[in-house]
Amino acid sequence: MEAVKAPRGTRDILGDESWKWAYVTQMCRNVADDYGYREVHLPIFEHTELFCRGVGETTDVVEKEMYTFTDKGGRSITLRPELTASMVRSYLENEMNKGTQPAKLWSIGPMFRYERPQKGRYRQFVQLDIEALGAQDAFVDLEVIDFSMELYRRLGLSNLQVVLNSVGCPKCRPVYRKALQEYLRPRFDELCDSCKSRFDRNPLRILDCKSPICKEITEGAPSVMDHLCDECKEHFEQLQRGLDKIGAVVKHDKRLVRGLDYYTKTAYEILSGDLGSQNAVCGGGRYDNLAEAIGGPHVPGVGFASGIERVILTMEAQGCSFGRKPENKVYVVAAEPDARLDAMSLMRTLRMNRISADMDYMGRAMKGQMKTAGASAEYACILGMSEVERGVVTLKDLKEGVQEELTVEQIVNKLK
Ligand code: HAM
């Protein structure tokens, strides 16, 4: 019988990689603290309806990619494909509107999408998500974009491009939608099959289709920028003034429409030049009507989410530092079996003094223990019966190859 394997599109993050995750997560936490965002932990599954109404029935995420099942109580449940809808649900359910506005929340955790796996695209992946809820101000959009740029700056990332667009609002988008349909109609038959079906339901998505023919057709399409209402236009200009003020270089891209239906006004992504086709390290924007779509009052919001796998892939490709790889400081070696009890006790004393230490549990002879020590620690503490009787330990510096006899107290003081 073949051994059971992990499902396609999932991955095990093991010890030689997980320390990098700890580093990146800690950096997210530091930036969130500095920008005044508070961490929340939300359920990994939600009522399916939340995503159907929040993310939108015509999106790829809802149409094709959700992990949905009926639970034993007969409810339709979905493993979250993203966090924004859950964040807004939580804001409403916990009456965060009664606290200081905007409510600034962040979270990190696994998301689930049934997509075709490839480099940088998984069926279970981890997102850092930040959301600011309750404010219209374009400077909150600015703060969100700045948060993502500051995070990547601290992680040492380079070769990134910020792309920005506005997708308008329910007031101006229908006018643009119509103009776009009018422009595309004469060449409708040439569109790819997915775009044909998007034509009536979600024509803006045709703008970011990757098929060469659709790309060519939309080349001269009308720009959403020329169709924005005064409010959306002013919002975009105010955001741009803020970006100029902080010296952020962004590229305007009229094709950037994002794959989720809830966006209004600001839409943005940060692309990595070192990732291949799945090159978005983060994406986000404003979603002023999402709360209403899921049955709440009007609550404007803006945020972004960043795929941590893609951040780490980019950092590795660019040789960024992940801080210090955790390593045992000391390996305690029992030179003979009778010294094991004292070796164990010494190891425990070191650990209680916050000096990381380990010892052999596999019955290895001294030579084997020294080999493990050399491969895994900076120092060996060698203990035979003669040392035990004299109340000393041989401390060997494994890098320098020098050794000396010290008391336990001296060792603790030296290594702490
Ligand atoms: P999204 O663009 O669908 O937006 O995802 C955000 C980021 O998650 C992407 O830029 C990418 O880094 C990562 N990501 C998405 N799908 C995958 C995957 N299959 N494998 C690996 N990484 C992936 C959202 O999810 C919105 N909720 C963002 C947002 C927050 N908008 C406003 N607030």
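For the protein, the name recorded in an unreviewed UniProt entry is Histidine--tRNA ligase, with Cloacibacillus porcorum as its organism. Quoted straight from UniProt, the Sequence similarities (unreviewed entry) entry for the protein says "Belongs to the class-II aminoacyl-tRNA synthetase family."

Draft legend 1. Local environment of unusual backbone geometry. Backbone torsion omega between Gln-101 and Pro-102 reads -5°, so that peptide bond is classified as cis. Summarising the element assignment, Pro-102 is placed in the loop between helix H4 (84–93) and strand S5 (103–112). The phi torsion at Glu-95 lies on the positive side, around 50°, for a residue other than glycine. Its place among the elements puts Glu-95 in the loop between H4 and S5. The phi angle at Arg-354 is positive, at roughly 60°, despite the residue not being glycine. For Arg-354, the position within the fold is in the loop between helix H12 (340–352) and strand S13 (357–359).

Draft legend 2. Expanded view of the UniProt feature "binding site: L-histidine" (unreviewed entry) in the protein. The residues that UniProt annotates with the feature "binding site: L-histidine" (unreviewed entry) are Glu-82, Leu-83, Thr-84, Arg-113, Gln-127, Glu-131, Arg-258, Tyr-262 and Tyr-263. Tracing the sequence through the fold places Glu-82 in the loop between strand S4 (76–79) and H4. What makes Glu-82 buried here is its relative accessible area of 2%. Not counting residues up to four positions away in its chain, the partners in contact with Glu-82 are Phe-51, Val-55, Met-111, Arg-113, Gln-127, Leu-260 and Tyr-262. Looking at Glu-82, its side chain comes within polar contact range of the main-chain nitrogen of Thr-84, at 3.1 Å. Within the fold, Gln-127 resides in strand S6 (residues 124–133).

Draft legend 3. Local environment of the site of the ligand. Surveying the vicinity of the ligand reveals 27 residues, the closest of which are Glu-82, Thr-84, Glu-115, Tyr-122 and Tyr-263. At 2.8 Å, a side-chain N or O of Thr-84 approaches a nitrogen atom of the ligand. Here Phe-304 contributes a backbone N or O atom positioned 3.5 Å from a nitrogen atom of the ligand. Computed on the free molecule, the ligand has an accessible area of 660 Å², of which 95% lies beneath the protein chains in the complex. Counting only elements with at least two residues in the shell around the ligand, the list comes to S6, strand S10 (280–286) and strand S11 (301–307). Looking at the shell around the ligand, the element that brings in the most residues is S10, giving six residues. Tallied by class, the residues present in the shell around the ligand amount to eleven nonpolar, eight polar and eight charged.

Definitions and cut-offs
- Residues numbered from 1 in each chain as written.
- Predicted model: local features only at pLDDT ≥ 70, side-chain atom pairs only at ≥ 80, totals over all residues.
- Heavy atoms only, no water.
- UniProt positions renumbered as here; feature names shortened; annotations may be inferred.
- Helix = DSSP H or I, 4+ residues; strand = E, 2+ residues; numbered from the N terminus.
- Buried < 20%, exposed > 50% of the residue type's maximum accessible area, 1.4 Å probe, protein only.
- Contact = heavy atoms within 4.5 Å.
- Polar contact = N/O pair within 3.5 Å; in protein donor to acceptor, adjacent residues only side chain to side chain.
- Near = heavy atom within 4 Å.
- Areas by Shrake-Rupley, 256 points an atom, 1.4 Å probe, with all protein chains shown as cover.
- Nonpolar A, V, L, I, M, F, W, Y, C, P; charged D, E, K, R; others polar.

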